[in-house]
Amino acid sequence: MKLKRLTAPLRVLIPALFMATPAMAADYDVVINNGRVMDPETLFDGVANVGIKDGRIAEISKKPLKGAETIDATGKIVAPGFIDTHFHFQMPVGYSLGLRDGLTSSLDFEMGCAGSYIAAWYEARAGVTGANYGCAVSHESARAMFIDGSVGDHYKDGPISAFMTRANTGWSQKRPTLEQGNAILEEIDEGLQAGAPGIGSTVGYMRAGVSSREMFEVQKVGARYGRPTGAHTRYTLGTDTSEVNGAQELIANAIALDAPAIVLHYNNPGWRVTHELISRLQDHGYNIWGEIYPYAAGSTTINAEFLVPEVWIDQMGNRYEDTMLDPATNKYFTLETYKATVAKEPTRPIVIFKMPATDEAKWLTLKGVTMGSDAVAAEPIRGPWDFPLDKLGGTHPRTAGARGATIRKGRENNIPMMQLMSILSYNAAKHLGDTGLKFMQERGRIQTGMVADIVVFDPELFTDNSTYDKGSAPSTGMKAVVVNGKVTVRDDKVLPVFAGQPIRFEPEAKPRFVPISEESWNAAFSTGMPDDFTGAFPENTGH
Ligand SMILES: [Zn+2]
């Protein structure tokens, strides 16, 4: 009798225990408790606890959650991990620098990676990379291959191969033959076939070499896949009219081809017009967007064609002494040192002052924009992921601190935090997701079911520390960075966690490349007057 009596209540108790047990131990892999949770898509903004399981956000709740690992986010912001479509420093130490600045998804949509190296580039990063990584197919690399004949292992490192290929000039100055032009387009198609998220074009560095026809055909290759072309547009750096005209080329092509496009770093003269153009097109339903970064100065290699004295001094009225800084020595160039350096070390990185500093905060207020850092490299470029960041060489401060600078300048100028979270994360995820990229459809949001890429930072303390003197000083004030559900940064320390995933489409079995020819053009667009056709890629005549 006694036993029976005991047994019955025990049976009742057992299921109850089973239900209670997980709550007493760990329901979740990671919980982020008591933070101010911000979701730029739904505009949710409130104190809550976030439970993460199997790499995803499993619960957002007011009730206390228990996890195997706990982050106390009291007084901190809990927001989607930052996404950057313009991050050139796609190397182990570059990812570490980015992670310190809250970067969970890094892509290069400008220089990009050579098409035939896309598959290998992704493979080399699998399982050994802290942040998510992606690379568009490079227009410039394809030109370097088929015009300069630049072949070799340097392409396997992706964007930084520019330091090798830019020692030549054909990629920038020369028009291809029809045969070379088709080879360039086919190389780009190969990268898209391998799953690259889009195309990156540095047409602004190739003004003489790239005809309107070539730029149109490049975007057409992307259009066949519905993927965006990002461009350093044709007249950047330029004037408040030429800059806008450069953006208009990319935008008009995109509209005609029904393809997405990204106007890269339009924080230059004429930016208000470019922004209004983009905004109105978005209102009309076009998947066209643009990037800014909050720095009055840019950065490039010293042999950029818009920096020659005939343009930089004679046309634009600048002086090297006021505008061109060597971040390695922290000295300004003169006409003499400029000329000597171009001759001796044509790809030396420089910082170039171009806009009033008072514009920096204004760019951060632009609706619908994204913050693309344009992070360049710092020595040692091939350093390991745990290379001491305070020992990195000089570079543009945007490399280490673009996100810290965005939040600091937002704080100093009373820009709403939700606006900053949108431009640092959600806006890029939304536009890339709209191209069909599943990876981005489930990131950039703090919502149940989304992938757990999350930043936890102190809104009063998180800041950039990088300056024009010390461009690679990492940001501070980051409580935690979670990548695919794994805590990868804790209290400003990058951990040996390599949960980064590839940002790409599924590779496809067949190319979509269609060579261009005079015959097919006439068949499609004319009533048959082949003499009118000047050639899709006119041969170089005078350059
Ligand atoms: Zn650029």
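Analysis parameters
- Residues numbered from 1 in each chain as written.
- Predicted model: local features only at pLDDT ≥ 70, side-chain atom pairs only at ≥ 80, totals over all residues.
- Heavy atoms only, no water.
- Salt bridge = Lys/Arg side-chain N within 4 Å of Asp/Glu carboxyl O.
- Helix = DSSP H or I, 4+ residues; strand = E, 2+ residues; numbered from the N terminus.
- Buried < 20%, exposed > 50% of the residue type's maximum accessible area, 1.4 Å probe, protein only.
- Disulfide = S-S within 2.5 Å.
- Pairing = 2+ DSSP bridges.
- Contact = heavy atoms within 4.5 Å.
- Axes fitted to C-alpha atoms, helices over the stretch in contact; angles between N-to-C directions.
- Core = buried A, V, L, I, M, F, W, Y, C linked by side-chain atoms within 4.5 Å.
- pLDDT = per-residue confidence, 0-100.
- Donors = N, O, S within 2.8 Å, 3.2 Å for Na, K, Ca; no water.
- Parallel < 35°, antiparallel > 145°, perpendicular 65-115°, else oblique.
- Left-handed = near helix turned anticlockwise from the far one by under 90°.
- Nonpolar A, V, L, I, M, F, W, Y, C, P; charged D, E, K, R; others polar.

## So, the pattern of salt bridges
- A complete count under the given rule lists 29 salt bridges for this structure.
- Measuring nitrogen to oxygen at the nearest pair gives 2.8 Å for the salt bridge that ties Glu140 to Arg166. Taken together, the positions of Glu140 in helix α4 (residues 139–146) and Arg166 in the loop between α5 (162–165) and α6 (170–173) put the pair 26 residues apart, joining distant regions of the chain. The two residues Glu140 and Arg166 agree in class, both being buried.

## Quick notes on the state of the cysteines
- All told, the structure shown has one disulfide when counted by the stated rule.
- Disulfide pairing places Cys113 opposite Cys135 at an S-S distance of 2.1 Å. Of note, the bridge from Cys113 to Cys135 carries an S-S torsion of about 95° and is right-handed in sense. Highlighted residues: Cys113 in strand β7 (residues 103–113) and Cys135 in strand β8 (residues 132–138), separated in sequence by 22 residues.

## Some words on the sheet that holds strand β13 (residues 297–301)
- Pairing in this open sheet of four strands is antiparallel, and the strands run β13-β16-β14-β15 from one edge to the other. In this open sheet, the two edge strands, each paired with only one partner strand, are β13 and β15 (331–332).
- Bridge count for β13 against strand β16 (residues 349–353) is five bridges, and the pairing is antiparallel. Bridge pairing in β16 links Thr300 to Ile350.

## Notes on the sheet that holds strand β10 (residues 229–231)
- What the eight strands build is an open sheet, ordered β6-β7-β8-β9-β10-β11-β12-β17; its pairing is parallel. A single partner strand is all that each edge strand has here, and the edge strands are β6 (82–84) and β17 (370–371).
- Relative to β10, strand β9 (residues 199–201) runs parallel, the two sharing three bridges. The residue of β10 that forms the bridge with Gly200 is Gly230.
- This element, helix α7 (residues 178–193), spans β8 and β9 of the sheet and lies at about 155° to β8.

## Describing the environment of Tyr468
- Within the secondary structure layout, Tyr468 lies in the loop between β18 (454–457) and β19 (478–483).
- Along the backbone, Tyr468 and Asp326 are 142 residues apart, and their C-alpha atoms lie at a distance of 9.4 Å.
- Leave out the neighbours within four places in its chain, and Tyr468 touches Tyr295, Ala296, Ala297, Leu325, Asn330, Val351, Phe353, His396 and Pro397.

## What to know about unusual backbone geometry
- Residue Leu237 is bonded to the preceding Thr236 through a cis peptide linkage, with omega at -5°.
- Looking at the element boundaries, Leu237 is found in the loop between β10 and α9 (242–257).
- With an omega of -5°, the peptide bond running from Glu379 to Pro380 counts as cis.
- Residue position: Pro380 is located in the loop between β17 and α15 (398–412).
- Phi at Asn330 is positive, roughly 60°, even though this residue is not glycine.
- The residue Asn330 is located in the loop between β14 (324–326) and β15 in this model.
- For Asn330, a relative accessible area of 36% gives the class partly exposed.
- For Asn414, which is not a glycine, the phi torsion comes out positive at approximately 55°.
- For Asn414, a relative accessible area of 71% corresponds to the exposed category.

## Thoughts on the nonpolar core
- Leu307, Met324, Met421 and Phe457 are the most contacted members of the largest nonpolar core, which totals 95 residues.
- When sequence neighbours within four positions are dropped, the list of residues in contact with Met421 reads Met38, Pro40, Ala79, Phe82, Ile407, Tyr426 and Phe457.
- In terms of nonpolar packing, the next biggest core, distinct from the first, is built from 18 residues, Ile52, Ile71, Val78 and Ala480 among them.

## A word on the confidence of the model for the protein
- In this model, the protein carries a mean pLDDT of 92, and residues with pLDDT of at least 70 account for 92%.
- In the model, residues 1–24 has pLDDT below 50 throughout and makes three contacts with residues more than four positions away in sequence or in other chains.

## Considerations on the coordination of the zinc ion
- In the first shell of the zinc ion, the protein supplies Glu110 (OE), His232 (ND1) and His265 (NE2), at 1.8 to 2.3 Å from the metal.
- Mapping the donors of the zinc ion onto the primary sequence gives the spacing E-x121-H-x32-H. Placement of Glu110 in strand β7 and of His232 in the loop between β10 and α9 is noted, with a sequence separation of 122 residues between them.
- In this structure Glu110 comes out as buried when scored by relative accessible area, which is 6%.
- In this structure His232 comes out as buried when scored by relative accessible area, which is 4%.

## Observations regarding the packing of α9 against helix α10 (residues 271–283)
- Packing of α9 against α10 leaves a shortest axis separation of 10 Å and a crossing angle of 15°. When the axes of α9 and α10 are compared, the pair comes out roughly parallel. Handedness of the crossing formed by α9 with α10: right-handed. Only Val273, Thr274, Leu277, Ile278 and Leu281 of α10 make contact with α9, whose side of the interface consists of Val244, Ala247, Gln248, Ile251 and Ile255.
- Looking at side-chain class alone, the contact of α9 with α10 contains eight nonpolar, two polar and no charged residues.

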